[in-house]
Amino acid sequence: MRITIIGIGLIGGSMAIKLKESGFATEIIAVDNNDDHCRIALEKGLADQVMTLEDAITISDLIIVAIPVDATLVLLPRLLSLINKQAVMDVGSTKQMICEAVKDHPKRSRFCATHPMWGTEYSGPLAATVNAFSGKAAVICNALESDGDVLDTVKTLYAGLNMHLVTMDAKAHDVHTAYISHVSHITSFALANTVLEKEKEDDAIFELASGGFESTVRLAKSNPEMWVPIFEQNRDNVLDVLNEHISQLKKFKACLEKDNYEYLAALIKNANSIERIIK
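Summarised in this report is the structure supplied together with it. Bear in mind that the values here come from a model prediction, so they are computed numbers and not experimental data.

Rules behind the numbers
- Residues numbered from 1 in each chain as written.
- Predicted model: local features only at pLDDT ≥ 70, side-chain atom pairs only at ≥ 80, totals over all residues.
- Heavy atoms only, no water.
- Helix = DSSP H or I, 4+ residues; strand = E, 2+ residues; numbered from the N terminus.
- Rg over C-alpha atoms; globule rule 2.2 N^0.38 Å.
- Contact = heavy atoms within 4.5 Å.
- Areas by Shrake-Rupley, 256 points an atom, 1.4 Å probe, with all protein chains shown as cover.
- Lys, Arg positive; Asp, Glu negative; His and termini not counted.
- Charge placed at Lys NZ, Arg CZ, Asp CG, Glu CD.
- 1 Å grid on protein atoms, 1.4 Å probe; cavity = no way out; pocket = protein on both sides within 12 Å on 5 of 7 lines; lining within 4 Å.
- Points joined across faces, edges and corners; volume = space filled by probe spheres on them.
- Nonpolar A, V, L, I, M, F, W, Y, C, P; charged D, E, K, R; others polar.
- Expected span 1.5 Å × (residues − 1).
- Bend = angle between axes of the 7 residues up to and from the residue.
- Buried < 20%, exposed > 50% of the residue type's maximum accessible area, 1.4 Å probe, protein only.
- Phe/Tyr/Trp six-rings, centres within 6.5 Å; stacked < 30°, edge-to-face > 60°.

Scanning the protein for helices and strands turns up 12 helices and eight strands. Against the compact-globule benchmark of 19 Å for 279 residues, the protein has a radius of gyration of 21 Å, which places it among compact chains. Along the first, second and third principal axes, the C-alpha atoms of the protein reach 70 × 40 × 30 Å. Sequence-distant contacts, at least 24 apart, represent 74% of the contacts inside the protein between residues at least 6 apart. As displayed, the protein offers around 14,800 Å² of accessible surface, 55% of which is attributable to carbon and sulfur atoms. Within the protein, the 37 negative side-chain charges are centred at a point lying 6 Å from the centre of the 27 positive side-chain charges.

Now the structure itself:
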């Protein structure tokens with residue numbers, strides 16, 4: 001299968017490596033506005049060739065859109081207008097607005113909305129890695145709106161990445177990801193800003209920061225060009241999560257203000273119950 005990947009960065013590049021290694025892709029074509037990304041993709045063997053969007057579409061069987069979600073909103077309707085019977089999928093972290101953007105498009109059925117649940121704080125093709133997706137979940141949204149052959153192609157692709165499939169509607173996806181992904185990033189950004197504001201000695205942060213701090217603020221290194229559009233598109237759900245998160249923080253603050261360490265212990269014990277879900 002000849003596959004075009006639009007956006008040969010962390011996600012697109014990591015998919016390219018595994019899809020080529022597994023034999024699912026016979027050829028990977030990269031489409032990217034960043035010349036450095038294109039050069040690196042060719043040098044690292046992530047792509048066999050680089051082409052313009054229009055040229056790549058004409059010779060492709062599957063087109064993967066792996067660009068920031070705001071750019072996907074603009075590109076996807078145009079992309080569907082350019083294809084014939086090619087399959088199209090995206091890998092964005094928000095789904096509802098993207099699905100709504102093409103819901104009335106005459107070629108909507110050639111598109112499958114997906115979200116592979118993996119990522120790191122790094123970006124670009126140099127961060128791409130093999131087996132990145134193994135054991136993780138891949139979400140397929142609004143599956144009934146996609147043609148059967150498109151759906152089969154996407155399912156086979158994710159099976160080749162060793163991912164397990166989850167299906168849900170786009171609205172539910174955005175609610176769930178607000179809780180388990182998006183708020184984690186905001187928390188990390190906020191904590192990093194807190195430490196940078198209060199701890200003026202860079203050496204102290206570097207020398208004293210423990211593994212717990214490092215793991216908590218790791219996401220603060222994530223690319224704003226990717227995350228601001230995600231927060232914008234999932235604004236209402238993220239605000240709902242933030243309100244609850246702030247409420248929980250206020251409980252911890254009140255415990256310390258009132259020397260209520262019994263309730264503080266109860267809050268921590270309740271938080272420990274997450275272990276039944278995440279080992």
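Quantified by volume, the largest pocket comes out at close to 1,200 Å³. Those elements that provide at least two residues to the lining of the largest pocket are helix H1 (10–22), helix H4 (69–82), strand E6 (111–116), helix H7 (170–198) and helix H10 (224–233). For the lining of the largest pocket, the element with the highest residue contribution is H4, accounting for five residues. The class makeup of the residues in the lining of the largest pocket is 23 nonpolar, 19 polar and four charged. Here the second largest pocket defines a volume of roughly 1,000 Å³. Taken together, 24 residues make up the lining of the second largest pocket; nearest its centre are Tyr179, Val183, Ser184, His245 and Ile274. Every element with two or more residues in the lining of the second largest pocket is listed here: H7, helix H9 (211–217), helix H11 (235–257) and helix H12 (261–272). In terms of residue count, H7 provides more of the lining of the second largest pocket than any other element does, six residues in total. In terms of residue class, the lining of the second largest pocket is made up of 12 nonpolar, nine polar and three charged.

Looking now at the side chain of Asn142. Mapped onto the fold, Asn142 is located in the loop between strand E7 (137–141) and helix H6 (148–160). Those residues in contact with Asn142 that lie beyond four places of it in its chain are Cys99, Arg108, Met168, Asp169 and Ala170.

This part covers H4. Under the 1.5 Å per step criterion, the end-to-end length of H4 is 20 Å for 14 residues, consistent within 8% with the ideal 20 Å. In H4, a bend of some 35 degrees at Leu75 exceeds every other bend along the element, and Pro77, a proline, comes one to four places later. Residues of H4 that are buried: Val69, Thr72, Leu75, Leu76, Leu79 and Leu80.

Moving on, we get to the packing of aromatic side chains. Any aromatic ring pair is given by two values, namely how distant the centres are and how the planes are angled relative to each other. One pass over the structure, following the stated rule, counts three aromatic pairs. Between Phe189 and Phe231 the ring centres are 6.5 Å apart and the planes differ by 85 degrees, which places this aromatic pair in the edge-to-face class. Of the two residues, Phe189 is situated in helix H7 and Phe231 in helix H10; the sequence distance between them amounts to 42 residues. Take Phe231: its relative accessible area is 17%, and that puts it in the buried class. Ring plane angle 40 degrees and centroid distance 5.5 Å describe the contact between Trp227 and Phe231, whose orientation is recorded as tilted. Here Phe231 and Trp227 lie together in helix H10, a separation of four residues that amounts to about one turn. What makes Trp227 buried here is its relative accessible area of 5%. Three or more aromatic residues link up through ring pairs in this structure, and these residues are Phe189, Trp227 and Phe231.

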